[in-house]
Amino acid sequence: KQTAEIDMAGVKFTPLGQETGYISSSYAFSGHYDGGNFAIKNLEISSDGKAVGLFGSVSDAVIENVVIGEGSTITSTVVSKTGAVVGQAGSGTVIRNCVNYATVHGTAQYQDFGDMAYHMGGIVGNISASASLVYGCKNYGKVYFDSINFDAGGIVGDLGYGVIANCENHGEITAPSKESYSGLKNGSSAGGIVADNYRGYISGCWNDGAISGGKCVGGILGRSDDAVIESCYNLGTVTGTADGEKY
């Protein structure tokens with residue numbers, strides 16, 4: 001358990017549970033980390049890994065009461081799954097009562113054929129398991145990127161199954177790229193809580209951050225595929241920057 005504030009100024013930090021290829025539980029952090037609501041400030045991560053954050057990849061883990069403090073920047077230099085707290089969350093993971101003030105930024109300028117999409121979130125980049133939960137988390141940081149085919153969410157970039165509950169976003173979320181070719185359906189999705197949701201469940205969340213997206217954009221959710229949303233509301237501006245679907 002973290003028992004005091006940590007100042008990471010001048011420290012080159014490598015994500016815990018970092019993954020350099022496809023996400024595998026054999027490389028993931030599995031355990032319990034309690035941040036005690038003490039800030040980790042001036043955290044700077046610049047990584048070319050496939051899962052980027054304070055924790056790169058986690059599985060069967062509990063991450064709670066973590067505060068990524070002001071002066072922090074989380075940067076992914078290649079197409080990846082990136083979040084301030086967790087990059088990729090696998091099965092059996094609970095992430096609760098975490099807060100982010102860091103800027104989350106993707107700088108990759110192109111995407112190789114067949115490579116995965118960029119998934120970025122203020123708290124978690126990607127959740128890919130039904131037994132995972134994000135609860136009571138808040139994002140104040142800006143989440144944005146400079147490239148194509150990217151999901152940017154205030155709490156989670158890409159939600160596959162899983163549950164997001166009682167979370168809130170106050171940060172600016174920007175995912176500007178449009179569909180590169182008509183019918184290709186790649187373009188960007190931006191959402192105040194989640195950018196892209198496949199059969200996930202979102203409940204009791206709200207957003208007042210400014211949200212802009214190139215293809216699919218929404219105050220709570222950018223793009224939905226057989227998802228459930230209930231008891232959520234949006235107070236932020238929502239701007240579509242290119243022709244596409246809007247939810």
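Please refer to the structure higher up on the page.
Presented here is an overview of the structure given in this document. None of these values were measured; they are calculated from a predicted model.

### So, the nonpolar core
For soluble globular proteins, nonpolar side chains are generally found buried alongside one another.
Point 1. Counting 51 residues, the largest nonpolar core has Ile95, Val134 and Ile164 as the members making the most contacts within it.
Point 2. Counting only elements with at least two residues in this core, the list comes to strand 6 (55-58), strand 11 (86-89), strand 15 (118-121), strand 16 (124-127), strand 19 (143-145), strand 20 (150-153), strand 21 (156-160) and strand 24 (173-175).
Point 3. Not counting residues within four places of it along the chain, the set of residues in contact with Ile95 comprises Ile63, Val86, Ala89, Ile123, Val124, Leu133, Val134, Tyr135 and Cys137.

### Quick notes on unusual backbone geometry
Point 1. For Asp226, which is not glycine, the phi dihedral falls at a positive 60°.
Point 2. The topology assignment puts Asp226 in the loop between strand 31 (221-225) and strand 32 (228-230).
Point 3. You can call Asp226 exposed: its relative accessible area is 53%.
Point 4. The phi dihedral of Ser231 is positive, around 55°, even though this residue is not glycine.
Point 5. Secondary-structure assignment places Ser231 in the loop between strand 32 and strand 33 (233-234).

### Topic: the side chain of Gln2
Point 1. With respect to the secondary-structure elements, Gln2 resides in the segment before strand 1 (6-7).
Point 2. Among the polar contacts made by the side chain of Gln2, one reaches the main-chain carbonyl oxygen of Ala4 at a distance of 3.0 Å.
Point 3. A polar contact is formed between the side chain of Gln2 and the side chain of Tyr33, at a distance of 2.8 Å.
Point 4. Excluding its chain neighbours within four sequence positions, the residues that come into contact with Gln2 are Tyr33, Asp34, Gly35, Gly36, Phe38, Ala39 and Ile40.

### Section: the sheet that holds strand 34 (residues 238-240)
Point 1. Taken in spatial order, the seven strands of this open sheet run 4-9-14-19-24-29-34, and their pairing is parallel. Each edge of the sheet is formed by a strand with only one pairing partner; in this case those strands are strand 4 (44-47) and strand 34. Adjacent strand axes in the sheet meet at a mean angle of 10° when their direction is disregarded.
Point 2. The sheet contact formed by strand 24 and strand 29 (residues 211-213) spans three bridges and is parallel. Of the residues in strand 29, the one forming a bridge with Ile173 is Ile211.

### Let's talk about the packing of aromatic side chains
Point 1. Summed over all chains, the structure comprises seven aromatic pairs.
Point 2. Here Phe145 and Phe150 contribute two aromatic rings whose centre-to-centre distance is 4.0 Å and whose plane-to-plane angle is 55°, an arrangement assigned as tilted.
Point 3. For Phe145, a relative accessible area of 3% puts it in the buried group.
Point 4. The exposure class assigned to Phe150 is buried, which follows from its relative accessible area of 0%.
Point 5. One Lys or Arg, Lys142, reaches over the ring of Tyr144 and ends 4.4 Å from the middle of that ring.

Reading the values: the criteria
Residues numbered from 1 in each chain as written. Predicted model: local features only at pLDDT ≥ 70, side-chain atom pairs only at ≥ 80, totals over all residues. Heavy atoms only, no water. Core = buried A, V, L, I, M, F, W, Y, C linked by side-chain atoms within 4.5 Å. Buried < 20%, exposed > 50% of the residue type's maximum accessible area, 1.4 Å probe, protein only. Helix = DSSP H or I, 4+ residues; strand = E, 2+ residues; numbered from the N terminus. Contact = heavy atoms within 4.5 Å. Polar contact = N/O pair within 3.5 Å; in protein donor to acceptor, adjacent residues only side chain to side chain. Pairing = 2+ DSSP bridges. Axes fitted to C-alpha atoms, helices over the stretch in contact; angles between N-to-C directions. Phe/Tyr/Trp six-rings, centres within 6.5 Å; stacked < 30°, edge-to-face > 60°. Lys NZ or Arg CZ within 6 Å of the ring centre and 35° of its normal.

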